[in-house]
Amino acid sequence: MARILIIEDDPDIASFEQTMLTRSGYDVRIASTGYGGLEMVKEFKPEIVLLDIGLPDISGLDVCTKIAESADSYILMVSSHSGEDVKLSGLGLGADDFVTKPFSGQELVARVASFLRRRERLRERGTEGRLKLADVTLVRDLHILERDGRSVNLTALEFRLLWFLGEGDGKLMTRAQILERVWNDVSGVPTRVVDVHVAALRKKLADVGAALQIASVRGIGYRLDAS
């Protein structure tokens, strides 16, 4: 039974989300504050977090950053604001998807099911939990990038992005392909979000002194360069 955590301070919305997801067979818990949600992430270890941006004690964007840095959870951000700037902020900080209030129960359940299918495909493709890329190794269980005894932590989204590029064996991946596979086929996600996360990965590759590079093809996308 998949575990889902709802971080939402509106009791009516939280109850609605919990009811719809529980009916679909998921183990669902609720936190009404940002700090409470962060504690529950540690204890409950959810596969998916439904995260409201407007929380009473701490910004949902700050909560998103902390979850993305420390947990292997998909993050579905929820907001009443639909502007591109808000989406860019959440997705740039590590959220996997963004849904605008109000939304239907059917849409919510469909997005959650899509995340879980994506997660299962990743597990099937990487059962050994390690992926060697030129002079570095990705370690799934720890979400780290290793090279010659040095390592750096990756966020869940950074890890999925680098793993996806690595499976391409140097093939050029368009931004559209990356959004579809790494961001779970999210419609309306600005392609600039990909650039933000590639920049973060380049810095971390440099931190461990990797020869592996993420090369860009102007206006198209990215590929791994082992030279």
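Up top you'll find the structure we're talking about.
Described below are features of the structure shown in this document. (Residues numbered from 1 in each chain as written. Predicted model: local features only at pLDDT ≥ 70, side-chain atom pairs only at ≥ 80, totals over all residues. Heavy atoms only, no water.)

Quick look at the sheet that holds strand β10 (residues 173–174) now. As summarised here, the arrangement of the 3 strands in space is β10-β12-β11, forming an open sheet in which the pairing is antiparallel. Sheet topology places β10 and β11 (213–217) at the edges, where each strand pairs with a single neighbour. Of the pairings in the sheet, the one linking β11 to strand β12 (residues 221–225) comprises 5 bridges and is antiparallel in character. Counted as the bridge partner of Ala215 is Arg223 from β12. Packed on one face of the sheet, helix α6 (residues 156–167) meets β10, β11 and β12 and runs near 70° to β12. Helix-sheet contacts for helix α8 (residues 192–207) involve β11 and β12, and the interaxial angle to β11 is about 150°. (Pairing = 2+ DSSP bridges. Helix = DSSP H or I, 4+ residues; strand = E, 2+ residues; numbered from the N terminus. Contact = heavy atoms within 4.5 Å. Axes fitted to C-alpha atoms, helices over the stretch in contact; angles between N-to-C directions.)

What follows deals with the packing of aromatic side chains. The tally for this structure, following the rule as stated, stands at 2 aromatic pairs. Plain terms: the ring middles of Phe16 and Phe103 are 6.5 Å apart, the flat faces sit at 50° to each other, and that makes the pair tilted. With Phe16 in helix α1 (residues 11–23) and Phe103 in the loop between β5 (97–100) and α5 (105–125), the pair connects residues that are 87 residues apart, well separated along the chain. Look at Phe16 and you get partly exposed, because its relative accessible area is 32%. (Phe/Tyr/Trp six-rings, centres within 6.5 Å; stacked < 30°, edge-to-face > 60°. Buried < 20%, exposed > 50% of the residue type's maximum accessible area, 1.4 Å probe, protein only.)

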